[in-house]
Structures are given as C-alpha cells and as structure tokens.
Amino acid sequence: MKIQFSSDSLKVTHQNNDYELHPIWLRERLPGYDYVDKDTNQRLYEPSSIKLDLQITTAKILEEKLDIEFNDGAKGKYNIQDLLTEFDNDKNKRGPLPKRLLWNSDLKVFPSVEFEENMAEKKSMYRLLEDFYKYGFVIIKNVPAKNQYLLKFVRSIGPVKVTNFGEYFDVMSKPKPNDLAYKPIALPPHTDNPYRKPAAPGIQFLHCLKNEVSGGYSTLVDGFAVAEYIKINYPEAFESLTKTNLRYQFQDKDIILENWGELIELDKEGDYKQVRYSTRVDYVPPIDRKKLTNFYKARKLLGDLYSSSDFEIKFKLKTGDVMMFDNHRLLHGRTAYDANEGARHLQGCYLDFDSTDGKLRHLYKKYVQDGFKNFG
Ligand code: OGA
Ligand code: ZN
C-alpha cells in the first residue's frame, strides 16, 4: 500500500487500485473517544460543522494504521481496510450478507439446520441466516411442535410483525374463512399480502404442527431466478412485468387493505427488489390497450414459469419443521389435501428484514471478524 497526500486530498494505492479520499470524508470518520461515544459507537459532534476548507497536515502509515492530522487540530489513527471497504460498492451495500444463489428445480439438497435451544446467539443461527440469504429459504428441523412455540423462536431473532391477522395465523381448514388459504384447496405459487403498506411482509415462517394428510405438499419457487430467465429470454415481457404497476386489495368485514407495485420490482441499480404475485387479489389498471395486450402475454409467461416443474420444488413439511422464506423473492404454495384424512395445521407469522439483516451482521462480527481477531 502506498499513500500520497496533499492538503486537500489523500491518494491511496492498494492492490493496483487507486483511491482518492476527501479530507472531510476522512475527518468525519475519525476514530477515538473524543469523536465517537465509546458505549454507542455514535458520533459525538455535528459533521456539518467541520470547516469546508479543512486540510490534511500530515498523513503516514504506522503499524498498518493510517495516522492523520488535520489543520483544525484533530488527529487519529484509522483502520485502512475499513476505509477501503467503503469503496467496494457491493460490500458497502450488502456488508456481510451473503450473495444470492438463484436456484431452480435442480436444487436437490434443501438448505436446512437443526433447531437448538437458545439458538439466537449461536453459530447455528449464523449458518441459518447465511442459508436464508443465499437461497431465500431455510428449513429448521425439529422445532418443538407446540402451540405458539414459533413465536418464541421468531422473537429470538426480532420482533414479530403484527398485522390485522394478529401476531400469528393458523393455517388449517376452517368454516367460512376470510382467505382461501383456510380451505383445503391447492394454493398455486403466490407471495403473501402484496396489499400491505408500506410493503408486503418481508419474511414468512410456517411451522408444521400436524400434517396427517396424504396431500398438502409445500411448494417454493425462486421468483428472482424466474425473473432472470425472462430477462434473458423474453426482454419485451421483462419490460412489461417490471414497468406495469398493479393494485392489490384485501377485504374482510373489518378492513380494506390496498397497495400498488409491479409484478417484478427492480431497485435503482436494476437489481431485483421484490416480486409480487397473488392472482386472487391483483388488478391491473386500464392502461393503453397495446400495453395491456403485452402485459397479459407477459403475465401468462410468468404464471406458466412459476408453476412449471423447471422452477418449482415440492416437498412435504413434517411435524416440527419450520419453513422460513423471503416473501419478496420466493413464491410459495401447497397442493390440495383431503381434510377428512386427518389434520393439517401450520402456524405462521412474519418478520421484517431489519431483524435478520441486523442479526446476521451482529453474528458475523461475533464469529467471523472478532473471531479472527481473537484468534490472533
Ligand atoms: C398461506 C399459505 C401454505 C400452506 O397461508 O398463505 O400459503 O402450506 N399456506 O398451507
Ligand atoms: Zn401464502
């Protein structure tokens, strides 16, 4: 590593890459307890009060630390790797969250972990979350099949997302239900609750308490893998699916919930952000006729791919299994069953991504970063 400084910039050359660091950018990252609170790690001053004509007076590398003084009297030692990591767009955005592995029905070994008591701070939770971010789902085996045990488990990761259905829901056949899920019919691939604001629930958990029927298989599809397939092979359909804004609505005797969004939503960088697919509750607005014709063609393609054996995996949940999945990336469903054969009872609830993101970053620091440091 080489550095070269002038009063208004610091140039760093590292592994054939050149970086140019701004004095204010450096100054507002100054480590040390004069600048950062030692308990909370939060900045103790207003960074906009830093002089706009701030200059670097000295800069050198000492024992793998970058030692800098500024002309306002502030000085300190930086961990150079931490600074350079911020230049890596990917790392800066995702941090230690693993990269997605898109999958189709060739996926034969499903990500799964064995339940452990008080798992939240253990390495097994770190592995669980890694798999969840890679595959968009993970099966947790042998979670005690007790009423509401799921809530205890999920709360150990973060606060359960409460909705108008309550903290949790029971999926079993019921007389006069408010949702088709509560009849023993097949549920084709769908995402849950696209009608919620500000967004559909991020993560869904389904805990199998009883599955005594011969049908009632669970299905999953990687919506982002299907989107990628369409993007490569049917660009016109992709355009329509990512640009057409739909309305989603739920109503029962107490409430009418409504929100809008594309069937495939992209973020500002064109990366996949969220899929929505719930044909029981979606409504396309009366846009231009030609656009609508294209949209219907694209939607048919999408629906066919979502239910095709090329993309869908099918398996049976056993008593004690918890299926945890990303409701913004995966579609889920189930095959029909005969309620006269026996009981089928799943308990479900939702969680937001900040809980899993945050827990994974915390466990990464604990087991990987600090783990290495403690190692020597
Ligand atoms: C649901 C649902 C799946 C199942 O309740 O939204 O998708 O296996 N249930 O019953
Ligand atoms: Zn569902």
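Read on for an overview of the structure. Each chain carries its own residue numbering, running from 1 in the direction its sequence is written. Each chain gets a letter, beginning with A, and each ligand a number, beginning with 1, in the order they are written. The predicted nature of this model means local features are confined to residues of pLDDT at least 70 and side-chain atom pairs, given and counted, to a pLDDT of 80 or more, with totals for whole chains, interfaces and linings taken over all residues. For side-chain calculations, the full set of non-hydrogen atoms in the structure is used, while hydrogens and water are omitted.

## Focus: the side chain of His190
- Within the secondary structure, His190 is located in strand β11 (residues 187–190).
- Here's how the labels work: a residue is buried when its accessible area is under 20% of the maximum for its type, exposed when over 50%, partly exposed in between, all with a 1.4 Å probe on protein chains only. Of the residues examined, His190 reaches a relative accessible area of 5% and is grouped as buried.
- Residues adjacent in sequence count toward polar contacts only when both atoms are side-chain atoms; beyond that, a polar contact is any pair of N or O atoms within 3.5 Å, and within protein one must be able to donate a hydrogen and the other to accept it. A distance of 3.0 Å separates a polar atom in the side chain of His190 from the backbone oxygen of Pro188.
- What makes two residues a contact is simply this: any of their non-hydrogen atoms within 4.5 Å. Once residues within four sequence positions are removed from consideration, His190 is found in contact with Tyr277, Ser278, Arg280, Leu330, Leu331, His332 and Gly333. A run of H or I in DSSP becomes a helix once it reaches four residues, and a run of E becomes a strand once it reaches two; helices and strands are each numbered from the N terminus.

## Here we look at the pairing of strand β8 (residues 137–141)
- With four of its five residues buried, β8 lies for the most part within the structure.
- One bridge is not enough; two strands pair if DSSP finds at least two bridges between them. For strand β7 (residues 112–114) and β8, the ladder comprises three bridges, and the chain directions are parallel. Within β8, the residue paired with Glu114 across the bridge is Lys141.
- Crossovers are described as right-handed under a simple rule: with the strands pointing away from the observer, the path leading from the first strand over the helix to the second runs clockwise. As for the winding sense of the linkage, the β-α-β connection from β7 through helix α4 (residues 123–135) to β8 is right-handed.
- Bridge count for β8 against strand β20 (residues 322–326) is four bridges, and the pairing is antiparallel.

## Re the coordination of the zinc ion (ligand 2)
- Coordinating N, O and S atoms are those within 2.8 Å of the metal (3.2 Å for Na, K and Ca), and as water is not part of the atoms, a site may appear to have fewer donors than expected. Those protein atoms acting as donors to the zinc ion (ligand 2) are His190 (NE2), Asp192 (OD) and His332 (NE2), and they sit at 2.1 to 2.2 Å.
- Between the donor residues of the zinc ion (ligand 2), the gaps in sequence give the motif H-x1-D-x139-H. With a gap of 140 residues between them, Asp192 in the loop between β11 and β12 (203–211) and His332 in strand β21 (residues 330–334) connect regions that are remote in the sequence.
- When its relative accessible area of 11% is taken as the criterion, Asp192 is described as buried.

## Looking at the side chain of Arg334
- Along the chain, Arg334 falls in strand β21.
- A distance of 2.5 Å separates the side chain of Arg334 from the backbone oxygen of Lys183, its partner in a polar contact.
- Here the side chain of Arg334 touches Ile185 through a polar contact of 2.9 Å, landing on its backbone oxygen.
- In this structure, Arg334 is in contact with Val171, Leu180, Ala181, Lys183, Pro184, Ile185, Ala186, Leu187, Tyr217, Ser218, Thr219 and Arg344, ignoring residues within four places of it in sequence.

## Considering the site of ligand 1
- Proximity is defined per residue: if any heavy atom of the residue lies within 4 Å of a molecule or strand, that residue is considered near it. As a structural note, the neighbourhood of ligand 1 is formed by Val171, Ala181, Leu187, His190, Asp192, Leu206, His332, Arg334, Arg344 and Leu346.
- Between ligand 1 and Asp192 there is a distance of 3.2 Å, counted from an oxygen atom to a side-chain nitrogen or oxygen.
- Under the convention used here, a 1.4 Å probe and the Shrake-Rupley method define accessible areas, while residue burial counts only the protein chains that appear. Summarising the interface, the protein chains cover 96% of the accessible area of ligand 1, which totals 290 Å² for the free molecule.
- Of all the secondary-structure elements, those providing two or more residues to the shell around ligand 1 are β11, β21 and β22 (344–351).
- Nonpolar residues are Ala, Val, Leu, Ile, Met, Phe, Trp, Tyr, Cys and Pro. Charged residues are Asp, Glu, Lys and Arg, and all others, Gly as well, are polar. In the shell around ligand 1, the residues fall into five nonpolar, two polar and three charged.

## Some details on the environment of Asp39
- Among the secondary structure elements, Asp39 is positioned in the loop between α1 (23–27) and β4 (56–62).
- Among the residues examined, Asp39 registers a relative accessible area of 67% and is labelled exposed.
- Residues Asp39 and Asn142, 103 residues apart in the sequence, show an inter-C-alpha distance of 38 Å.

## Side note on the pattern of salt bridges
- The term salt bridge refers to a pairing of a side-chain nitrogen on Lys or Arg with a carboxyl oxygen on Asp or Glu at a separation within 4 Å. Per the stated rule, a full pass over the model turns up 22 salt bridges.
- Close ionic contact of Asp267 with Lys93 constitutes a salt bridge, the shortest N to O distance being 3.4 Å. You can see Asp267 sitting in the loop between β16 (264–266) and β17 (272–275) and its partner Lys93 sitting in helix α3 (residues 89–94), a full 174 residues away along the chain.
- Residue classification places Asp267 among the partly exposed positions, given a relative accessible area of 22%.
- Classification of Lys93 by relative accessible area gives partly exposed; the value is 49%.

## A look at unusual backbone geometry
- The linkage connecting Lys197 with the following residue, Pro198, adopts the cis geometry, with an omega of 0°.
- We note that Gln15 has phi near 45°; this positive angle belongs to a residue other than glycine.
- Relative to the helices and strands, Gln15 resides in the loop between β2 (9–14) and β3 (17–21).
- On the accessibility criterion, Gln15 (66% relative accessible area) is exposed.
- Positive phi outside glycine occurs at Asn193, with the angle close to 55°.
- Within the secondary structure, Asn193 is located in the loop between β11 and β12.
- For Asn193, a relative accessible area of 6% gives the class buried.

## Quick word on the sheet that holds β11
- Pairing is antiparallel in the open sheet, where four strands are placed in the order β11-β21-β13-β19. Pairing within the sheet leaves two strands with one partner each, and these edge strands are β11 and β19 (312–315). Taken over all neighbouring pairs, the strand axes of this sheet differ in orientation by 15° on average, direction set aside. Whenever a helix is involved, its axis is fitted only over the stretch in contact; in every case the axis is a line through C-alpha atoms, and angles between N-to-C directions fall within 0 to 180 degrees.

## Quick word on the nonpolar core
- Residues Val226, Ile230, Leu241, Leu263, Leu302 and Tyr306 are the most contacted members of the largest nonpolar core, which totals 29 residues.
- Secondary structure elements with two or more residues in this core: α6 (223–233), α7 (235–243), β14 (245–251), β17 and α8 (289–306).
- Top contributing element to this core by residue count: α8, with six residues.
- When neighbours within four sequence positions are excluded, Leu241 is seen to be in contact with Ile230, Glu262, Leu263, Ile264, Phe295, Ala298, Arg299 and Leu302.
- The definition of a nonpolar core used throughout is a set of buried Ala, Val, Leu, Ile, Met, Phe, Trp, Tyr and Cys residues joined through side-chain atoms within 4.5 Å. In terms of nonpolar packing, the next biggest core, distinct from the first, is built from 28 residues, Phe132, Leu151, Phe205 and Leu363 among them.

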